[in-house]
Each structure stands twice: as structure tokens, then as C-alpha cells.
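# Overview (structure and organization)
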Amino acid sequence: MIREILIWPDPRLKEKTRLVEGVDDELRKLIDDMYETMYDAEGVGLAANQIGVGLRLAVIDTSTAEDGGLGPMVMINPEILSTEGSIRFREGCLSIPGESEEVIRAPKVRFRFRDLDWNLVEMEATGFSAVAVQHECDHLDGKVYVDRISSLKRERIRKRMKRLKEARAAQAEEA
Ligand code: GNR
Ligand code: NI
């Protein structure tokens, strides 16, 4: 089932998420929905709180990246262990449609998460995949990339998202 992706700003995107305590059918169904929603929206990642579920859980698929892809992969309770270096990278977000801005990120990251069999998996990612992992972990900490840009740019985006939400509400009323 395709779920509705929350548009920033939304208080549910600011809450820190709760740790997942185990894998059951309900969680597996949620993960299926997250993949379906991510692919439908043509994203390379999706955090559970972007569809209003406050769990520390994200899916990622950067397998089309030229610089070495990751996934499709589900990350349960992901944590960043260490980062190396600093680059500027132009990011977008499914919760901030039509926008993109440069953010400072690490081009190399070590991270850890549980897989569906509850194995603790430790991995390294570089380039676009490293950025995507940091972007999803930010979501799960209640942060979005616009929290990492200038307030001038952020406020401009806030206005455009307000208009987008108004346009969508008007459209929903028409239908
Ligand atoms: O689809 C996405 N593209 C993207 C591009 C650059 C840096 C990060 C991303 S993640 C984003 C999907 C999304 O919003 N995940 O939370
Ligand atoms: Ni995002």
C-alpha cells in the first residue's frame, strides 16, 4: 500500500523516533509499504516518520548510483558509528518536493543497523550512498536537510511548502 508522505514542516517530522523492538508481521507489512511508497515517489530512501510512523526504521536503494550503490536495504535502528571527510552535496527530500539545496556531509560513513533477521550489520558507504544514509538517520533524529542550510533559504522553502499544501488542499476539495 502506498502511504502518504508528510510534507515539511510537520511536527511529526521533528519528533525523535522510537527504537524498533523486534520484527513481526506488522513490521514486515510496514516495510513493504515503505518500499512501495519510496519507489512510487522515485526516491532513493524513506524514513518511517516520513509516513507518520515514529519508529527508527528506514529503507534505502541507491543501487542506480554511479559511485557505488546500496540496497535495496532496510535499516532497523540504524546508527552512524563514524564519518570521514566533508563535502558539499545537493540534496532533495520526498518531504520537501521540488526543492534541493547543498548541504555539508561526510563522503564516507560507517554505520550499523539490524536486518530483518535481527542480525547486527555493520557497513561502510561512500559518496551518494553515504549521503543518503546520513539523510535517513537525520530524519530518524527529527531532522531534515533544511535544518542544515541558511535560515534565509529555509524560510523561502517554508513559504513554497505552505503554498504547495494550500494548492493540494484546494485540489482535494475540488475532487
Ligand atoms: O530521493 C531522495 N534523494 C536524495 C538526493 C540527495 C540526497 C538525499 C536524498 S534522499 C531522498 C529521499 C528522501 O527524502 N529520503 O528521506
Ligand atoms: Ni528525506
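This structure is a prediction, so every number in the text was calculated from the model and none was measured. (Residues numbered from 1 in each chain as written. Chains lettered and ligands numbered in written order. Predicted model: local features only at pLDDT ≥ 70, side-chain atom pairs only at ≥ 80, totals over all residues. Heavy atoms only, no water.)

### Some points on the coordination of the nickel ion (ligand 2)
Geometry sets the ideal angles at a metal, namely 109.5 degrees for four tetrahedral donors and 90 or 180 degrees for six octahedral donors. Stated precisely, the cut-off is as follows: Here the coordinating atoms are restricted to nitrogen, oxygen and sulfur within 2.8 Å of the metal centre, or 3.2 Å for Na, K and Ca, and because water is not among them the sites may look incomplete. Helix and strand definitions follow DSSP, with helices as H or I runs of at least four residues and strands as E runs of at least two, each counted in order from the N terminus. Relative accessibility thresholds used throughout: buried, under 20% of the residue-type maximum; exposed, over 50%; partly exposed, between the two (1.4 Å probe, protein chains only).
Within the first shell, the nickel ion (ligand 2) binds the protein through Cys93 (SG), His135 (NE2) and His139 (NE2), at distances of 2.1 to 2.4 Å. Here the donor residues of the nickel ion (ligand 2) share one chain and are spaced in sequence as C-x41-H-x3-H. Here histidine 139 lies in helix 3 (residues 127-140) and cysteine 93 lies in the loop between strand 4 (87-91) and strand 5 (101-105), a separation of 46 residues in the sequence. The two residues cysteine 93 and histidine 139 agree in class, both being buried.

### Thoughts on the sheet that holds strand 6 (residues 108-114)
Condition: Here, strands pair whenever DSSP counts at least two bridges between them. Comment: axis = line fitted to C-alpha atoms, over the contacting stretch for helices; angle = value between 0 and 180 degrees taken between N-to-C directions. Note on definitions: a residue-residue contact is assigned when non-hydrogen atoms from the two residues lie within 4.5 Å.
As summarised here, the arrangement of the five strands in space is 1-2-3-6-7, forming an open sheet in which the pairing is antiparallel. Strands at the two margins of the open sheet, each flanked by one partner only, are strand 1 (45-47) and strand 7 (120-126). Ignoring which end each strand starts from, the neighbouring axes of this sheet average 40 degrees apart. Of the strand pairs in this sheet, strand 2 (residues 57-60) and strand 3 (residues 73-84) are connected by four bridges, and their pairing is antiparallel. Residue alanine 58 lies in a different strand from strand 3, and its bridge partner there is methionine 75. Of the strands in this sheet, strand 1, strand 2 and strand 3 are in contact with helix 2 (residues 25-40), which crosses strand 2 at around 40 degrees. Together, strand 1, strand 2, strand 3, strand 6 and strand 7 form the strand contacts of helix 3, whose direction differs from that of strand 7 by roughly 125 degrees.

### Some remarks on the environment of leucine 116
By the secondary structure assignment, leucine 116 is in the loop between strand 6 and strand 7. Residue leucine 116 is classed as partly exposed on the basis of its relative accessible area, which comes to 36%. Along the chain, leucine 116 and leucine 27 lie 89 residues apart, while their C-alpha atoms are 9.5 Å from each other. Dropping the residues within four chain positions of it, leucine 116 is found in contact with Val23, Arg28, Ile31, Val74 and Ile76.

### Observations concerning the site of ligand 1
The condition is simple: A cutoff of 4 Å decides nearness: a residue is near a molecule or strand if any of its heavy atoms lies inside that distance of it. Counting of polar contacts relies on pairs of N or O atoms within 3.5 Å, with two restrictions inside protein: one atom must be capable of donating a hydrogen and the other of accepting it, and residues adjacent in sequence are counted only when both atoms are side-chain atoms. Surface accessibility follows the Shrake-Rupley procedure with a 1.4 Å probe radius. Residue values consider only the protein chains on display as shielding. Only Asp, Glu, Lys and Arg are considered charged in this grouping, and only Ala, Val, Leu, Ile, Met, Phe, Trp, Tyr, Cys and Pro are considered nonpolar; every other residue, Gly among them, is considered polar.
Taken together, 14 residues surround ligand 1, and among them Val44, Gln50, Leu94, Glu136 and His139 come closest. Leucine 94 is positioned such that a nitrogen or oxygen atom in its backbone is 2.8 Å from an oxygen atom of ligand 1. Contact between ligand 1 and histidine 139: an oxygen atom at 2.9 Å from a side-chain N or O atom of the residue. In isolation ligand 1 offers 390 Å² of accessible surface; the protein chains occlude 91% of this area. Among the secondary structure elements, those contributing two or more residues to the shell around ligand 1 are strand 4 and helix 3. Residues that form the shell around ligand 1 fall into these classes: five nonpolar, six polar and three charged.

### Re the side chain of serine 129
Its place among the elements puts serine 129 in helix 3. Non-local contacts of serine 129, meaning those with residues more than four positions away in its chain, are made with Thr62, Gly68, Gly69 and Leu70.

### Re helix 4 (residues 151-174)
Quick reminder: α-helices carry 3.6 residues per turn. Residues three or four places apart thus point the same way. So the rule is basically this: A helix is expected to reach a length of 1.5 Å times the quantity of its residues less one.
The end-to-end C-alpha distance of helix 4 is 35 Å, a good match for the 34 Å that 24 residues give at a rise of 1.5 Å each. Of the positions making up helix 4, those classed as buried are Arg154, Ile157 and Met161. Turning to helix 4, the residues buried within the fold contact strand 5.

### Brief notes about a negative patch on the surface
To keep things clear, this is the line we draw: Each patch is assembled from residues with relative accessible area greater than 30% and no salt bridge, linking like charges that lie within 9 Å and nonpolar side chains (Val, Leu, Ile, Met, Phe, Trp, Tyr) that lie within 5 Å. Definition used for salt bridges: Asp or Glu carboxyl oxygen within 4 Å of a side-chain nitrogen of Lys or Arg. Note that His is not counted, nor are the chain ends; the positive residues are Lys and Arg, and the negative ones are Asp and Glu. All charge positions are set by atom: Lys at NZ, Arg at CZ, Asp at CG, Glu at CD.
Together, Asp32, Glu36, Asp40 and Glu42 make up a region of like negative charge exposed at the surface. Here glutamate 42 is to be found in the loop between helix 2 and strand 1. Taking the relative accessible area as the measure of exposure, glutamate 42 reaches 72% and is therefore exposed.

Everything listed is a geometric property; what it means functionally is a separate question.
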